Amino acid sequence: MAIRLEDKKAIVAEVNEAASGALSVVLANYRGVTAGDMTSLRKQAREQQVYLRVVRNTLAKRAVEGTEFECIREVLVGPTIFAFSMEDPGAAARLLKDFAKEKEAFEIKALAVGGELMGAEQIDRLATLPTRDQALAMLAGVIQAPITKLARTFNEFPSKITRAVAAVRDQKQDAA
């Protein structure tokens, strides 16, 4: 079915807006995946703040112009689904990686972060990035570690004195 020019412009503008605000993008070949499976993938994507869209390659090439994802133009061949991570750079990678494990027909083509195009074999690099909450928890642990160690050191000093006094007391009792 032919798409009107106004509709094409709207699609390009929508995808360009998503690409401009995205942290990363993952591209996948969805050929052979059922409509029901795609619906469940879209539902999961909405829950994880991942913008998921199937766009014609010619429109996608125009949509990524002027964004840091211009590097994906060379891999736009065949049916492609785009997954833009809007808040967490690894969200789209985790989502599509898990979906690809379940559906053999679904294959990841490439991914891009910060203007750098990576192959599908690099999906783990992006999927293993911690979420924002996990990163904040790790940062809090790093900040808290020296303070905790200092508190233990200060707490250990009175304990050592108490043990030394108890040892002297026991020694004097044994001698008496």
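Please read all numbers here as calculations on a predicted model, not as lab measurements.

Novice: Sorry if this is basic, but what is going on with the pattern of salt bridges here?
Specialist: Once the charged atoms of two side chains with opposite charge are near each other, the side chains can pair. All told, the structure shown has 8 salt bridges when counted by the stated rule. The partner of Glu-14 in a salt bridge is Arg-53, and the shortest N-O contact between them spans 3.0 Å. Linking Glu-14 in helix H1 (residues 5–21) with Arg-53 in strand E2 (residues 50–54), this pair joins segments that are 39 residues apart in sequence. In this structure, Glu-65 and Arg-73 form a salt bridge, with 3.4 Å as the shortest nitrogen-oxygen distance. Here Arg-73 falls in the partly exposed class, since its relative accessible area comes to 31%. The network of salt bridges with shared partners includes Arg-4, Glu-6 and Asp-7.

Novice: I would appreciate a short explanation of unusual backbone geometry in the present structure.
Specialist: Leaving glycine out, the prevailing phi sign among residues is negative, and the prevailing peptide bond configuration is trans. Non-glycine residue Gln-49 carries a positive phi angle of around 55°. You can see Gln-49 is positioned in the loop between helix H2 (35–47) and E2.

Novice: Teacher, can you tell me more about the pairing of strand E3 (residues 81–85) here?
Specialist: Regular strands show a simple pattern: their side chains alternate between the two faces of the sheet. In terms of burial, E3 is a largely internal element, 5 of the 5 residues being buried. On E3, burial covers both faces: Ile-81, Ala-83 and Ser-85 on one face and Phe-82 and Phe-84 on the other are all buried. As paired elements, strand E1 (residues 24–29) and E3 share 5 bridges and run antiparallel to each other. The partner of Val-26 across the bridge, within E3, is Ala-83. Pairing of E2 with E3, which is carried by 5 bridges, proceeds in the antiparallel orientation. Bridge pairing in E3 places Arg-53 opposite Phe-82.

The rules we used
- Residues numbered from 1 in each chain as written.
- Predicted model: local features only at pLDDT ≥ 70, side-chain atom pairs only at ≥ 80, totals over all residues.
- Heavy atoms only, no water.
- Salt bridge = Lys/Arg side-chain N within 4 Å of Asp/Glu carboxyl O.
- Helix = DSSP H or I, 4+ residues; strand = E, 2+ residues; numbered from the N terminus.
- Buried < 20%, exposed > 50% of the residue type's maximum accessible area, 1.4 Å probe, protein only.
- Pairing = 2+ DSSP bridges.

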